[in-house]
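# Geometric and topological summary
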Amino acid sequence: MLKPKQETGVTPGPVVEAPEEVSEETLESAAAVDRPEAQPGSLGTTVVSLGDATQAGSWLKTPLVANTRPGKVWYNGRWAAVTLIPIEGESGSGSRMSLQAMQLLSLPLTGLTEVEVTAD
């Protein structure tokens, strides 16, 4: 014997279709459009500030690159070898530099400094 349906007081919401799945290929091609792979040489200038001082190494987190790669940061004729790490943002937005790299270039730790970035 079937039992009568009980009222729950909850009104059903609209039916929502699941979004189409996005393939890895689509994501990779979209990333390539946003920021093409940088060739060796100058990537441009960026304003740097101190990044996470607890993260060891000589690195620069910057929107100037799409993939992690080796590079150099130049300031007043001096340079420091760094690992360039991509972050989101427009190419003109700021970058974050490791404590070690800032010390190698004698940059002020509490200031904002414009530097030249090159890819190896």
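No experiment lies behind these values; they were computed from the predicted model shown.

## Re the overall build of the chain
- The secondary structure content of the chain amounts to two helices and six strands.
- The order of helices and strands in the chain, counted from the N terminus, is α-β-β-β-β-β-α-β.
- Residues classed as buried in the chain amount to 28% of the 120 residues present.
- Put simply, 72% of the contacts in the chain that link residues at least 6 apart link residues at least 24 apart.
- If you sum the accessible surface of the chain, you get close to 8,600 Å²; carbon and sulfur atoms cover 55% of it.

## Observations concerning the sheet that holds strand S3 (residues 69-75)
- On the basis of which strands lie adjacent, the closed barrel formed by six strands has the order S1-S5-S2-S4-S3-S6 and mixed pairing. Here the strands of the sheet are splayed against their neighbours by 45 degrees on average, with no regard to which way each runs.
- Inspection of the sheet shows strand S2 (residues 59-62) paired to strand S5 (residues 95-97) by two bridges, in the antiparallel sense. Among the inter-strand pairings, Leu 60 is bridged to a residue of S5, identified as Met 97.

## Description of unusual backbone geometry
- One non-glycine residue, Asn 76, lies in the positive phi region at around 50 degrees.
- Within the element layout of this structure, Asn 76 appears in the loop between S3 and strand S4 (78-86).
- Phi is positive for Ser 106, close to 55 degrees, though the residue is something other than glycine.
- On the secondary structure map, Ser 106 appears in the loop between helix H2 (99-104) and strand S6 (113-119).
- Classification of Ser 106 as exposed rests on a relative accessible area of 52%.

## Examining the pairing of strand S1 (residues 41-50)
- Of the pairings in the sheet, the one linking S1 to S6 comprises seven bridges and is antiparallel in character. Note on S6: the bridge partner recorded for Ser 42 is Thr 118.
- Pairing geometry for S1 and S5, over three bridges, is parallel. When the sheet's bridge partners are listed, Leu 50 is paired in S5 with Met 97.

## Topic: the packing of aromatic side chains
- Under the counting rule described, the total for this entry stands at one aromatic pair.
- Across from the ring centre of Trp 59, 4.9 Å away, lies the NZ or CZ of Lys 61, which sits over that ring.
- It is Lys 72 that lies over the ring of Trp 79; its NZ or CZ is 5.0 Å from the centre.

Thresholds applied
- Residues numbered from 1 in each chain as written.
- Predicted model: local features only at pLDDT ≥ 70, side-chain atom pairs only at ≥ 80, totals over all residues.
- Heavy atoms only, no water.
- Helix = DSSP H or I, 4+ residues; strand = E, 2+ residues; numbered from the N terminus.
- Buried < 20%, exposed > 50% of the residue type's maximum accessible area, 1.4 Å probe, protein only.
- Contact = heavy atoms within 4.5 Å.
- Areas by Shrake-Rupley, 256 points an atom, 1.4 Å probe, with all protein chains shown as cover.
- Pairing = 2+ DSSP bridges.
- Axes fitted to C-alpha atoms, helices over the stretch in contact; angles between N-to-C directions.
- Phe/Tyr/Trp six-rings, centres within 6.5 Å; stacked < 30°, edge-to-face > 60°.
- Lys NZ or Arg CZ within 6 Å of the ring centre and 35° of its normal.

Coordinates in, geometry out; function isn't part of it.
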